[in-house]
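Structural description and commentary
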Amino acid sequence: MPLKLSLKPGEKFVLNGAVVQNGDRRGVLVLQNKASVLREKDIMQQEDAKTPARRIYFPVMMMYLDEAGAQNYYHEFAQRLTEFMGAISNPKVLVECVDISKLCMSGEYYKALMLCRRLIEYEDERLGNVGTGVPASSRAG
């Protein structure tokens, strides 16, 4: 099934590791086959991975963008997820953590990444974070 991206003027996105920027007008891009695509709002810089949930998001994002090198990021992901789960008692959030792990183990990194956004939202609500990098899903639009 094709993926249709509606792009704002100047909006950046990553397509199979290449950073691409839309021109000065709105545009539509239709991808006819499987590709790793992340919009600018979903891209996190390593220096923005400063909170426990963001430290989970970042290696999942890297596994998604570099599937061939996913094993290079998996250990960091597993370690950070284990730490996060050790500090959380909310059953719903713990189930989401297990789901993220299962998705990563099955190579479904994009789905895992979208669940990671929920962890960031949960963390921001509990800690009162303004947050840096990827905004929580409720603010992302």
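Everything in this summary refers to the structure shown in the same document. Here the structure is a predicted model, which means the values were calculated and not measured.

Focus: the pattern of salt bridges
As enumerated under the stated definition, the model contains 10 salt bridges in all. In this structure, arginine 54 and glutamate 123 form a salt bridge, with 3.4 Å as the shortest nitrogen-oxygen distance. Of this pair, arginine 54 sits in helix H1 (residues 52–65) while glutamate 123 sits in helix H4 (residues 109–127), placing them 69 residues apart in sequence. Like glutamate 123, arginine 54 is buried. Glutamate 83 is paired through a salt bridge with arginine 80; the nearest N and O atoms lie 3.2 Å apart. Separated by 3 residues within a single helix, glutamate 83 and arginine 80 lie in helix H2 (residues 70–87), roughly one turn from each other. Using a relative accessible area of 23% as the deciding quantity, one classes arginine 80 as partly exposed. Beyond isolated ion pairs, a larger network of salt bridges with shared partners links Arg54, Glu123 and Asp124.

Some points on the state of the cysteines
Enumeration according to the criterion identifies 0 disulfides in this entry. There is no disulfide at cysteine 104, and the cysteine sulfur nearest it, in cysteine 116, is 6.4 Å away. Under the relative-accessibility criterion, cysteine 104 is labelled buried at 3%. The exposure class of cysteine 116 is buried, given its relative accessible area of 0%.

Quick notes on the packing of aromatic side chains
Overall, the coordinates contain 2 aromatic pairs when judged by the stated rule. Measuring from ring centre to ring centre gives 5.4 Å for tyrosine 64 and tyrosine 110, while their planes differ by 50 degrees; the resulting arrangement is tilted. Of this pair, tyrosine 64 sits in helix H1 while tyrosine 110 sits in helix H4, and the two are 46 residues apart along the sequence.

Considering the pairing of strand S3 (residues 18–21)
Pairing of strand S2 (residues 12–15) with S3 involves 4 bridges; the strand directions are antiparallel. For valine 14, the partnering residue across the bridge sits in S3 and is valine 19. Linkage of S2 to S3, two consecutive antiparallel strands, is achieved through a turn of 2 residues, within which asparagine 16 is found at a positive phi near 50 degrees.

Here is what the cut-offs are and how they apply
- Residues numbered from 1 in each chain as written.
- Predicted model: local features only at pLDDT ≥ 70, side-chain atom pairs only at ≥ 80, totals over all residues.
- Heavy atoms only, no water.
- Salt bridge = Lys/Arg side-chain N within 4 Å of Asp/Glu carboxyl O.
- Helix = DSSP H or I, 4+ residues; strand = E, 2+ residues; numbered from the N terminus.
- Buried < 20%, exposed > 50% of the residue type's maximum accessible area, 1.4 Å probe, protein only.
- Disulfide = S-S within 2.5 Å.
- Phe/Tyr/Trp six-rings, centres within 6.5 Å; stacked < 30°, edge-to-face > 60°.
- Pairing = 2+ DSSP bridges.

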